[in-house]
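# Observations on the model geometry
One-letter residues, chain by chain:
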Amino acid sequence: MTTREASTPLMQQYREIKARHQDAIVFFRMGDFYEMFYEDAEVASRVLGLTLTARHNGGASDVPLAGVPVKAVNEYLRRLVKHGFRVAICEQVEDPRLAKGIVRREVIETITPGAAFSDDLLDGARNNFLCAMTHGAERVGLAAADVSTGETRLAIVAMTDLDAALARLSPTEIVVPRGARSPIAVRNPGRDEDVLVTEREPWEFDAELARPELARQFGVHSLEGFGIGPDDDLAVAAAGALLRYLRELQPAGVPHLARPVVERAGATMPVDEMTRRNLELVESMRGRDISGTLLGVLDRTITPMGARLLRHWVLAPLIDRSAIDHRLDAVAALAGDLIARQALRDALDGVRDVERLAGKAAAGRATPRELGALGGSLGRLPAVEAAVRRVGSRGLLADVLAKWDGCSDLAADVARTLVDRPPATIGDEPAVRAGVDTELDDLRAIRDGGRDGIARIQARERDRTGISSLKVGFNRVFGYYIEVTNSNAHLVPDDYQRRQTLTGAERYVTPELKEFEEKVLTAAERIETRERVLLEALRERLGRGIARLQCAAALLAQLDVLAALAEVAEREGYTRPEMTNEFALEITAGRHPVVERMMPRDKFIPNDVMLTEDARLIVLTGPNMAGKSTILRQVGLIVLLAQIGSFVPAQRARVGVVDRLFTRVGASDNLVRGQSTFMVEMAETSAILHTATRRSLVLLDEIGRGTSTYDGVSIAWAVSEHLHDALGCKAIFATHYHELTQLADALAAVRNYTVDVRDVGGEVLFLHRLRPGGADRSYGIEVGRLAGLPAAVLTRARTILRSLEGGHLLSSDAARPKASDVQLSLSLPSAPHPAIERLRSLDTDAMTPLQAIQELAELTRQAKEE
């Protein structure tokens with residue numbers, strides 16, 4: 001940087017501000033534009049496609065420059081934040097007309113992926129959590145805050161449950177101690193995009209420093225009132241670092257942060273990434289779209305708060321039976337009263353995002369239109385309350401009514417202050433209602449009644465001076481004036497001040513006329529200033545009621561979710577599950593809630609599933625495309641639906657509450673981490689076996705298929721034994737290894753089931769119906785035919801299959817038939833193979849299943865050596 005640049009006052013001011021925000025792109029306000037300089041300009045021009053120029057201002061002529069209009073800033077902010085950049089908004093904080101020298105500027109906020117208020121940067125159906133975390137030897141302290149709503153959560157989770165906790169919160173930014181070994185991946189398990197990881201100094205994660213700061217923030221003497229004790233130091237430390245970071249991002253403070261909700265282990269079921277993705281709970285495997293997901297089926301919510309809460313419920317099923325029944329009672333009440341349910345949904349239909357609107361108001365950011373939307377939403381609360389009282393105080397509805405606050409005083413305040421249709425910004429149109437403020441009304445009268453005022457002054461001056469030809473006029477040079485002809489000059493009063501001499505006349509001003517001129521010419525500007533004062537006062541009054549508004553928003557969200565679940569139950573023919581603390585799971589005529597929506601109602605084949613102490617592990621066989629994976633997923637989804645407090649797609653369901661739900665369905669590579677399909681499969685299976693308990697439900701599909709057949713069968717067999725003997729949990733194991741059906745002979749609580757098919761005239765008919773027993777074949781070649789494999793390939797495959805099933809081994813010549821062959825044939829070895837001779841000598845009746853598998857492995861080794 002040159003000496004001449006350093007001497008430029010504007011650039012010196014910029015560099016001082018930039019030095020305090022080195023990790024952010026600084027949007028430097030200059031009139032109607034935000035300007036960026038140096039590296040910031042180069043980055044912005046590349047990311048946003050802006051033209052990179054140079055600032056021509058004396059010594060700073062070689063400074064790279066890029067700018068965006070103030071009116072269009074939100075779109076540029078959205079794109080930068082989406083790319084993971086921090087943006088510091090540096091505003092002019094004094095009137096340029098009153099500035100002595102360079103206009104004073106300050107950074108009023110720093111926008112990051114995890115700290116944003118603008119609707120353009122947020123998804124209405126998802127929380128935007130900023131998380132801080134610090135870890136000990138075996139546990140992790142988590143603190144999460146959604147700046148847009150004020151929601152704050154604290155938790156201490158086991159290291160093994162961290163993935164599930166982050167998937168539930170789905171943060172857009174995570175704050176961690178600098179240099180510490182963090183147990184998180186850069187990729188956020190709850191979102192498709194990379195999460196921004198922000199490092200802070202380790203001393204900021206100090207529980208002793210954090211406790212008094214948190215107590216002051218939430219206005220309490222001690223954190224013990226929140227149920228936070230010495231054992232929660234990890235979460236307190238994370239919360240302290242989070243609060244310090246938020247105060248840096250928001251210099252004006254975060255007064256709207258709600259008192260923290262402390263999440264305790266054992267209240268909700270951890271849902272890990274594997275289960276969330278396999279069951280497609282909130283995101284399809286094809287992307288973030290919720291269509292084709294459980295959330296897509298359930299989401300009949302009307303308000304944004306309801307949509308966010310429903311997502312949270314789906315990712316945090318309850319494991320306390322009484323709490324589950326509490327929700328189910330409320331859903332049952334709403335499902336059973338169509339008129340009251342519709343009245344509730346109609347009342348909710350006019351409710352906007354109260355949670356985020358209240359947060360903006362308390363943070364001093366709400367526009368007149370947003371304040372009007374908040375007031376209008378509060379105005380609908382009486383209708384909401386009336387609809388709920390009509391349903392009655394059952395289950396969770398009783399809790400809602402006990403906490404109900406209609407906020408009628410706040411609604412009345414907004415309605416009394418604002419016009420019926422407030423503008424988006426101050427100054428465009430009137431925002432404050434007439435009659436609210438005398439000074440504002442007077443200014444509007446002056447602005448709108450300028451001509452009448454001039455006429456009154458002219459009439460009064462004529463009477464006072466006796467000059468009938470006196471007139472009041474206006475020009476751009478002198479403003480308002482009084483014109484008197486020379487013949488009447490002797491009648492001019494002493495308080496008239498001469499301003500202009502004309503041929504035959506003089507022009508004067510008076511103190512009264514100058515005062516009037518000032519009022520008229522500055523009325524619009526003063527009206528805008530006065531409206532800002534009145535609106536800021538309204539924001540402050542609403543801000544003082546932020547706790548009430550947040551409580552109202554939370555209750556509205558619960559009502560919205562309960563009504564949505566009731567609506568889905570009635571429309572889709574769901575039934576209330578019977579919840580127990582017993583082991584058994586009994587599902588009669590269960591259906592897959594997502595798959596059944598994709599086909600005519602009468603086409604989906606329901607199935608019964610029963611898992612009890614004496615029959616707790618099902619080995620499920622059946623051909624490809626028969627529906628094994630669908631049955632696995634539908635069992636998992638029915639249990640999860642029941643434990644979020646929803647009715648379930650079944651004729652009857654009796655659900656023993658599970659503490660964990662594990663699913664391992666499908667296969668995928670993790671190339672980023674250098675893991676093959678089989679490695680991922682084994683890692684996921686290992687996690688299940690180490691974490692599951694007797695109260696868990698485990699759903700496994702095709703374990704071991706990523707390696708050789710014998711290795712795969714051995715692993716699948718051993719995993720099944722561990723589930724049966726060591727864990728004793730409920731499990732369904734879908735497999736193509738028909739050898740596993742022999743487990744039923746060796747293990748007392750194993751039952752074989754298959755998905756039925758029929759071979760009709762050489763064509764396979766998939767019945768999708770579950771029945772006891774094992775599959776006799778896999779029908780893989782028939783699936784290949786349905787997929788469109790060439791006829792010659794299918795014919796050859798059948799020939800090879802018949803030979804293999806007959807106990808023959810392929811010679812090298814069999815790998816490629818002669819071109820002259822009309823019929824594809826199988827070439828067999830002329831002399832008996834040693835492996836064949838050994839097979840003939842085996843006494844298979846005296847062998848155990850495991851010995852048979854080992855013998856097959858040895859035969860395979862011999863065959864390869866020959």
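Quick note: structure is the one above.
Report follows, based on the coordinates. (Residues numbered from 1 in each chain as written. Predicted model: local features only at pLDDT ≥ 70, side-chain atom pairs only at ≥ 80, totals over all residues. Heavy atoms only, no water.)

### Notes on unusual backbone geometry
Although it is not a glycine, Cys407 sits at a positive phi angle of roughly 50°. You can see Cys407 is positioned in the loop between α16 (396-403) and α17 (408-417). Classification of Cys407 by relative accessible area gives buried; the value is 1%. (Helix = DSSP H or I, 4+ residues; strand = E, 2+ residues; numbered from the N terminus. Buried < 20%, exposed > 50% of the residue type's maximum accessible area, 1.4 Å probe, protein only.)

### Some remarks on helix α12 (residues 338-348)
Working note: α-helix, 3.6 residues per turn, so residues spaced by three or four point in the same direction. Those residues of α12 that sit buried are Ala340, Arg341, Leu344, Arg345, Ala347 and Leu348. On an axial view of α12, the arc spanned by its buried residues comes to 160°, and they lie on one face. Exposed side chains of α12 directed beyond 90 degrees from the buried face belong to Leu338 and Ile339. Tucked inside the fold, the buried residues of α12 contact α11 (321-335), α15 (381-391) and α21 (546-572). (Arc of directions from axis to C-beta. Contact = heavy atoms within 4.5 Å.)

### Concerning the pairing of strand β18 (residues 585-590)
Remember that side chains alternate between the two faces of the sheet whenever the strand is regular. For β18, a buried count of five out of six residues is recorded, marking the element as mostly surrounded by other parts of the structure. As judged from the four bridges shared by β18 and strand β19 (residues 607-611), these two strands associate in the antiparallel manner. Following the sheet pairing, Glu586 is matched in β19 by Met610. (Pairing = 2+ DSSP bridges.)

### What to know about the nonpolar core
Among the nonpolar cores identified, the biggest contains 117 residues, and Leu281 and Val314 are the most heavily contacted of them. When residues in this core are grouped by element, the largest group, 15 residues, is from α21. Dropping the residues within four chain positions of it, Leu281 is found in contact with Val271, Arg276, Thr293, Leu294, Leu295, Val314, Leu315, Leu637 and Leu640. Counting residues in hydrophobic clusters, the runner-up holds 33 residues, among them Leu223, Ala237, Ala241 and Leu257. (Core = buried A, V, L, I, M, F, W, Y, C linked by side-chain atoms within 4.5 Å.)

### Some remarks on the pattern of salt bridges
This model, assessed by the stated rule, comprises 60 salt bridges. Note that Asp325 is salt-bridged to Arg576, the shortest N-O span being 3.7 Å. On the criterion of sequence distance, the pair formed by Asp325 in helix α11 and Arg576 in the loop between α21 and β17 (578-580) is long-range, its members being 251 residues apart. Among the salt bridges present, the one from Arg652 reaches Glu586, with a minimum N-O distance of 3.5 Å. Taken together, the residues Arg652 in strand β21 (residues 652-656) and Glu586 in strand β18 connect sequence positions 66 residues apart. Judged by its relative accessible area of 17%, Glu586 falls in the buried class. (Salt bridge = Lys/Arg side-chain N within 4 Å of Asp/Glu carboxyl O.)

### Digging into the side chain of Glu91
As for its placement among the helices and strands, Glu91 is situated in strand β5 (residues 87-92). Among all residues touching Glu91, those that are not within four sequence positions of it are Arg29, Tyr34, Arg104, Arg105, Glu106 and Ile108.

### Points about the packing of aromatic side chains
Each pair of aromatic rings is reported with the distance of its centres and the angle of its planes. Scanning the entire structure with this criterion turns up nine aromatic pairs. Ring centres of Tyr496 and Tyr508 lie 5.7 Å apart, and the angle between their planes is 50°; on these two criteria the pair is classed as tilted. Separated by twelve residues along the polypeptide, Tyr496 in the loop between β14 (479-485) and β15 (497-502) and Tyr508 in strand β16 (residues 505-509) bring together distant segments of the chain. With a relative accessible area of 7%, Tyr496 lands in the buried category. When its relative accessible area of 5% is taken as the criterion, Tyr508 is described as buried. Cluster of aromatic residues (ring-pair linked, three or more members): Tyr14, Phe28, Phe37 and Tyr38. For the cation-ring pair, Arg327 lies above Trp313, with the distance from its terminal atom to the ring centre recorded as 3.7 Å. (Phe/Tyr/Trp six-rings, centres within 6.5 Å; stacked < 30°, edge-to-face > 60°. Lys NZ or Arg CZ within 6 Å of the ring centre and 35° of its normal.)

### Thoughts on the packing of helix α6 (residues 207-218) against helix α7 (residues 233-249)
Two elements in contact, α6 and α7, have axes whose closest approach is 8 Å; the angle formed by their N-to-C orientations is 60°. Considering the angle they form, α6 stands oblique to α7. Relative to α7, α6 is oriented so that their crossing is left-handed. Within the contact between the two elements, α6 uses Ala207, Ala210, Arg211, Glu213, Leu214 and Gln217 and α7 uses Asp233, Val236, Ala237, Ala239, Gly240, Leu243 and Arg247. A per-class count over the contact of α6 with α7 returns seven nonpolar, two polar and four charged. (Axes fitted to C-alpha atoms, helices over the stretch in contact; angles between N-to-C directions. Parallel < 35°, antiparallel > 145°, perpendicular 65-115°, else oblique. Left-handed = near helix turned anticlockwise from the far one by under 90°. Nonpolar A, V, L, I, M, F, W, Y, C, P; charged D, E, K, R; others polar.)

### Section: the pairing of strand β23 (residues 697-701)
Most of β23 sits out of view: five of its five residues are buried. Going residue by residue along β23, you find Leu697, Leu699 and Asp701 tucked away on one face and Val698 and Leu700 tucked away on the opposite face as well. Where β23 and strand β24 (residues 730-734) come together, five bridges link them in parallel fashion. Paired with Leu700 across the two strands is Phe733, which belongs to β24.

### Quick look at the sheet that holds β18
The strands making up a sheet associate through backbone hydrogen bonding, with each pair oriented either parallel or antiparallel. One open sheet holds the four strands; their spatial order is β17-β21-β18-β19, and the pairing between them is mixed. Edge positions in the open sheet fall to β17 and β19, since each of these has one partner strand only. Adjacent strand axes in the sheet meet at a mean angle of 15°, parallel and antiparallel pairs treated alike. In the packing of helix α22 (residues 628-644) onto the sheet, the strands contacted are β17, β18, β19 and β21, and the crossing angle to β18 comes to about 115°.

### Quick word on the environment of Gly395
Inspection of the secondary structure assignment puts Gly395 in the loop between α15 and α16. Residue classification places Gly395 among the buried positions, given a relative accessible area of 12%. Residues Gly395 and Ile324, 71 residues apart in the sequence, show an inter-C-alpha distance of 9.6 Å. Discounting residues that sit within four places of it in the chain, Gly395 has contacts with His326, Asp329 and Ala330.

### Here's the deal with the sheet that holds strand β9 (residues 152-158)
The mixed open sheet is built from six strands, whose spatial order is β11-β10-β7-β8-β9-β12. Two strands close off the open sheet at either side, each with one partner strand: β11 (196-200) and β12 (261-263). Recorded for the sheet is a direction-independent mean angle of 20° between the axes of neighbouring strands. Note: strand β7 (residues 130-135) against strand β8 (residues 139-145), six bridges, orientation antiparallel.

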